[in-house]
Amino acid sequence: MLQDIRSNIQGTMAKIIIGLIIVSFSIFGIESILFGGGSSGVAEVNGEPISPIEVQQAVNTQKRQLIAMMGDAVDPAMLDDNVLGAQALDGLIDRRLQMQSAADLDLVASEAEIGRVIAGMEQFWLDGQFSPEVYTSVLASAGFTPAFFKQSLAQDLVLNQVRSAVAGSDFATPAELALNARIASEQRDVRYLTIPLERFRQDVDVTDEQVAAWYADNEANYMTEESVELEYIELLVDDYREPIAEDVLRQEFELAKDSYQYQPENRVSHILFEQGDGESDDAFAARVAEASQSLSDGADFAQLAGELSADIGSAAAGGDLGFSSGDAFPEEMEEAIAALEVGQVSEPVTTDAGVHLILLTERRAGETASFEEMRPQLEETLQLTEARNALLRKVEDLRDLAFNAENLNGPAQDLELEVETASGVTRDQLEGLFSRPSLIAAAFSEDVLELGHNSEVIELSPEHFVALRVATHNKPELMPLDTVREQIVSAIAEKASQEAIDVEALRAVVAINAGEGVESFAVENGYEWQVEIGAKRRNVNLPQAVLERAFELQAPTADTPVVDAVSDINGDRLVLALVRVTEGELDALAPTERDLIDRQVGAEFGTLIQQEYQSGLRQRAEITVF
Amino acid sequence: MEQYRTEEEQVEALKRWWDENGKATIAAILLALVAGFGWQGWQGFQQEQLATASDSYQRLLQAMSTPETGEPDTAAAREIAGQIKKEYGGSTYAQFAALHLARMAVNDADLATAEAELRWVLAKADAGSDIAQITQLRLARVLASSGDTTQALTLLDAGADGDYAGAYAMARGDVFMMQGDESQARAAYSEARVLAAADATLPPLATLEQKLQSLNPQAPEMTGTTADEG
C-alpha cells in the first residue's frame, strides 16, 4: 500500500493536495489541528461550551461580593456552591448569548480602547498614574490573569455598545411627550375631612354567648404557634483549647524567629539639583560642587535644602524624605544611603530625577522580636490550630455516629459530649442560636421533623458546629377559650368601633353627596378639614391614602364632586371630595418636569426593548445544560 | 510500475521529474501561499476597519454622555456619527450611529430628519433582525408624531407578532390615544403590561401604569345610595 502512495505522490493529484495543505495551514494555523475538538463544558449555548472554570470564577466573584457586603453575618447556606453555581450559570448563558449576537453584528472592542479603559481605572493607579505593578498585583489578588481580565473588559465594552444602541438610543416623540404630560401632570382639586377612630371607640358589654360565638367562628386566629423542643450537641473551637507547653512555644519561636525580624530602616534628607535648559555640564557640576563644599564647611543641611532643592515637595521639610527599608528610592540612591553613617552627607548621586546630595538622619537597626513579645501571638496561633484539628476530629466522629443513631444521647456518651435542650423554637425564630436559617431549615426538614432522625452535623463556621434532633413537635393547637377571652373581647369591641366609624363616614358621604360642603360638615361635627388645589401625582401634602384614591376616582361633573372614604394606617377615616380634574399641559411644565417625562418615556421603551431583546435571544437559542 | 535498481537511477529519476514539473510545483506552492496569506491579510484589514469603527463609536458615546459639567456635546456627536455612516457605511456601527442621529433629531423635534435616518437603517439592516424590528417601531412612533397615525398603525401591526410585542403594544396604545380611541388604547396598554410582566425582574413601567389608571377611572366605593345603606 505504501508503494501505491509513493507512486501516486508523483502525479498531478499530489500537487493539488500539497497546495491544499499549505492553504489550510496558512489560514487556520497548525494549532487548530493539534488542539482542536473535545468539549467538556457544563452547558452548551448554540454549540459553544461554557467551561466549569468559567462558572467557578463567576461563583468566586459572587462569593467575594456577598462576603464584602454582609461580613460575618453571611449565612454559609448562601455561599453554597450549588445555589450560586445555578445563578452564575444563568448569568453566563445570558452573557454568552449577547456576545454571540454581538459577534453576528461584527461588533468588536479595539485594543486601543481596552488600553484606555484599563489606564483609566483608579484601582490600578499609584501616585495618580497607572502602574503596571499595581495592575498585575491587584488582578492577582482578585484571582484574575491579565489575559482573562482583558477579555472580559472587551466583552463588557461590546455589550455596552449593544445596549447603547438597543436601549440607549430610544427617545420620546413630541406627540408622546404631550400625551404623557397630559396624564402625568394632571391636577386634581381635593377637599377632605378626617374622622378620628378614637372618637368611635366603643365600650361594649360583651356577653359570654357573644364570646363563644366569636371563638367558634374564628378558630384560625386562636391557634398556638407551631414549635419544636430540640435536643442538640454544640461544638465550639474554644472548648478544645489546651495550654501549650513552654518548651513547644520556645521551639516554635526558634523555628520562626527569622520572620519576626524588623527590617533595618534609614531616614534620609536630600537636596535635588536639576540641570537648567541653557546650563552647561560644567556650570551644573560646579553648582553641585559648591553646595557640597558649603555642607562640608558646616552649613545647615535643612536650610540649604530649603534654598536650593529642586524637589519642591521635600524642600519645605528641610529635604526630609522619611524612612526607607531599602526599596523606596532608586537603586543608586539606596546604594549611597547604605554606605552612609548617621549625620554624614553623600557625594553627588545621579538618578533619572537629577543629582542628589543625601544626608542620613536616622538609622533603625534590624531587630529581632523577643520571645516575650511574640509569646501571646504564638500561643494563640498554636492553640487555635490544635483546637481546630481536635474539633474537626470530633465533628467527623460525630458525623459517623449520629448518622445511624436513634437519638443524640448515644453518640454524645461515646464522644464525651453534652446534649443540651432548647424549647419553643419556631419557624421564624428571631433570637438565640436557633435563629440561624440553616438550623431552622434543618429542624423543620422532613427528615428531622417528620421522621425523627438526627440532623446532619451543620457547619455554622469552621469553628462552630451543631447537630440536632426534634424531641417534641408542638403542632398548632386551638388555645383554650379562657386564655383568649381578653383578646376576643377586645376584638369584638374593635369590630364595633369600626362599624361605628363606618356609619359616621357613610353619614358624611351621604351629606356631601346631597350638597353639603366638606367644610360645613366638618365644622358642624368638629372634624379637621383641608383643601388641596391642583394636586399632582407626586403631591406631598395630601395623606397617601387620599392622594392614591383621588387619582383612581372618575372625574367629577361640573358641579357635583365625586365623594369617597378611605382608611389611613391609624384606622382614621378620610372622607374626600374630588372637585375638579385639570389635564396636564406640556407647555405649562417647568423644564425639569418636561425633562423628567422625556427621560421616563425613552427609558421605559428602552428597558422594555432591552428585555425583549434578551428573551428573544433565549428563545431562538439552543441551550443544553449538562 | 517503475523499479529503480540503484541510487543513481533514483536520483536520475528525481532530477527528470524536477525538470519536467519543477516550475509548475513552485508556481502551485507560490499561488497557494499568495492565496492563503492574501486571505489572512484581507481578514486582518477587515478586523482593523472594524476596530477603528468601534473606536469612533466609543467616541460618539463619549460625546453623547453627560459629563459632570453641563450638557452633552451634540455638535461633536453629530459630526462623529456622520463620519461613521460615511466611512464604515456597511458596518453595524453605521446603523447604530444613525439610530443615535435619529434620537438627537427627535429631541430637537426635527421629525423629517429622524424619519430619514430611521429609513436609512431599515434599508441597511437585515429584514427581521433585531435592529430592523427596533427601527421599524421607532419609525412608526416618529410617523405618528408627525400626524400620520394610519401608516404608524400599519407598521406597528406588521411587527406585533415579533420579538418586541410588548414595546409594539405600548406604542400602539400611544397612537390610539393620539387618535382619541380610548378603548383600543386601553386594550393595547393592557397587553403591553401583561407582556412586560413576563419578566419579574423588570421594574414597573411608571408612565404605562399612569396611563392605564387614567383610562380605568373607578366609581366611589362608599356611595350611600346602594348596598351601603343596608
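Residues numbered from 1 in each chain as written. Chains lettered and ligands numbered in written order. Predicted model: local features only at pLDDT ≥ 70, side-chain atom pairs only at ≥ 80, totals over all residues. Heavy atoms only, no water.

## Some points on the packing of aromatic side chains
In step 1: In total, this model carries 14 aromatic pairs over all chains according to the counting rule given.
In step 2: Here F124 of chain A and F149 of chain A contribute two aromatic rings whose centre-to-centre distance is 5.8 Å and whose plane-to-plane angle is 85 degrees, an arrangement assigned as edge-to-face. Of the two residues, F124 of chain A is situated in the loop between α6 (111–119) and β3 (125–126) and F149 of chain A in helix α8 (residues 146–166); the sequence distance between them amounts to 25 residues. Grouping residues by exposure puts F124 of chain A and F149 of chain A together as buried.
In step 3: For the pair W17 of chain B and W18 of chain B, a centre-to-centre distance of 6.3 Å together with 40 degrees between the ring planes defines the contact as tilted.
In step 4: You can call W17 of chain B partly exposed: its relative accessible area is 24%.
In step 5: Judged by its relative accessible area of 43%, W18 of chain B is partly exposed. (Phe/Tyr/Trp six-rings, centres within 6.5 Å; stacked < 30°, edge-to-face > 60°. Helix = DSSP H or I, 4+ residues; strand = E, 2+ residues; numbered from the N terminus. Buried < 20%, exposed > 50% of the residue type's maximum accessible area, 1.4 Å probe, protein only.)

## A closer look at helix α8 (residues 182–196) of chain B
In step 1: With 15 residues, α8 of chain B should cover 21 Å at 1.5 Å per step; its first-to-last C-alpha distance of 21 Å lies within 8% of that length.
In step 2: All buried positions along α8 of chain B are accounted for by A185, A188, Y189, A192 and A196 of chain B. Each buried residue of α8 of chain B sits inside an arc of 100 degrees when the element is viewed along its axis, so together they form one side.
In step 3: On its buried face, α8 of chain B sits against α9 (174–184) and α23 (591–620) of chain A together with α7 (165–179) and α9 (206–215) of chain B. (Expected span 1.5 Å × (residues − 1). Arc of directions from axis to C-beta. Contact = heavy atoms within 4.5 Å.)

## Concerning the sheet that holds strand β16 (residues 573–582) of chain A
Residue and element names in this part refer to chain A.
In step 1: Strand order in the open sheet made by the four strands is β14-β5-β16-β15, with antiparallel pairing throughout. Of all strands in the sheet, those bounded by a partner on one side alone are β14 (528–535) and β15 (562–567). Ignoring strand direction, the axes of neighbouring strands in this sheet form an average angle of 20 degrees.
In step 2: Where strand β5 (residues 187–195) meets β14, six bridges bridge the pair, whose relative direction is antiparallel. The residue bridging R191 from the neighbouring strand is V531, located in β14.
In step 3: Where helix α21 (residues 518–525) meets the sheet, it contacts β5, β14 and β16, and its direction lies at approximately 15 degrees from that of β5. (Pairing = 2+ DSSP bridges. Axes fitted to C-alpha atoms, helices over the stretch in contact; angles between N-to-C directions.)

## Comments concerning the interface of chain B and chain A
In step 1: In this assembly, 70 residues from chain B lie in contact with 69 residues from chain A.
In step 2: A buried area of about 6300 Å², summed over both sides, lies between chain B and chain A, and 60% of it is on carbon and sulfur atoms.
In step 3: Summed over the three residues of chain B that lose the most area to chain A, namely R138, R141 and M222 of chain B, the buried surface amounts to 12% of that side.
In step 4: Between chain B and chain A we count seven salt bridges in total.
In step 5: Counting the contacts that link chain B with chain A gives 31 residue pairs in polar contact (both at pLDDT 80 or more).
In step 6: Mapped by element, the contributors of at least two residues to the side of chain B that touches chain A are α1 (7–64), α3 (92–107), α5 (130–145), α7, α8 and α9 of chain B.
In step 7: Examining the composition of the side of chain B that touches chain A, we find that 18 residues originate from one element, α1 of chain B, more than from any other.
In step 8: When grouped by side-chain class, the residues that make up the side of chain B that touches chain A number 39 nonpolar, 20 polar and 11 charged. (Buried area = accessible area lost by both parts, 1.4 Å probe. Salt bridge = Lys/Arg side-chain N within 4 Å of Asp/Glu carboxyl O. Polar contact = N/O pair within 3.5 Å; in protein donor to acceptor, adjacent residues only side chain to side chain. Nonpolar A, V, L, I, M, F, W, Y, C, P; charged D, E, K, R; others polar.)

## A look at a negative patch on the surface
In step 1: Taken together, the side chains of E331, E332, E335 and D352 of chain A make up a negatively charged region of the molecular surface.
In step 2: Structurally, E332 of chain A can be placed in helix α15 (residues 331–339). (Patch = residues over 30% accessible without salt bridge, like charges linked within 9 Å, V, L, I, M, F, W, Y side chains within 5 Å. Areas by Shrake-Rupley, 256 points an atom, 1.4 Å probe, with all protein chains shown as cover. Lys, Arg positive; Asp, Glu negative; His and termini not counted. Charge placed at Lys NZ, Arg CZ, Asp CG, Glu CD.)

## Some thoughts on the nonpolar core
In step 1: Formed by 98 residues in total, the largest nonpolar core has its most connected members in Y57, L60, I84 and Y189 of chain B.
In step 2: In terms of residue count, α3 of chain B provides more of this core than any other element does, 10 residues in total.
In step 3: Excluding residues within four positions of it along the chain, Y189 of chain B makes contact with L179 of chain A together with M170, G173, D174, M177, L208, K211, L212 and L215 of chain B.
In step 4: A511, V518, Y527 and A577 of chain A belong to the second largest nonpolar core, which has 20 residues in total. (Core = buried A, V, L, I, M, F, W, Y, C linked by side-chain atoms within 4.5 Å.)

## Here we look at the pattern of salt bridges
In step 1: For the coordinates displayed, the defined rule picks out 45 salt bridges over all chains.
In step 2: The salt bridge partner of E186 of chain A is R188 of chain A, with a shortest N-O separation of 2.8 Å. No difference in accessibility class separates E186 of chain A from R188 of chain A, as the two residues are buried.
In step 3: E198 of chain A is the salt-bridge partner of R201 of chain A, the closest N and O atoms lying 3.9 Å from each other.
In step 4: One network of salt bridges, with partners in common, ties together D170 and E176 of chain A together with R138 and R141 of chain B.

## Considering the packing of α1 of chain B against helix α2 (residues 74–87) of chain B
Helix-helix packing is described using two parameters, namely the angle between the two axes and the distance between the axes.
All names here are of chain B.
In step 1: Here α1 crosses α2 at 160 degrees, and the two axes come no closer than 9 Å. Looking at the two axes, α1 sits roughly antiparallel to α2. Along this stretch, α1 crosses α2, giving a crossing that reads as left-handed. Of α2, the residues touching α1 (which contributes S56, Y57, R59, L60, A63 and M64) are A76, A77, I80, A81 and I84.
In step 2: Here the residues of the contact of α1 with α2 sort into nine nonpolar, one polar and one charged. (Parallel < 35°, antiparallel > 145°, perpendicular 65-115°, else oblique. Left-handed = near helix turned anticlockwise from the far one by under 90°.)

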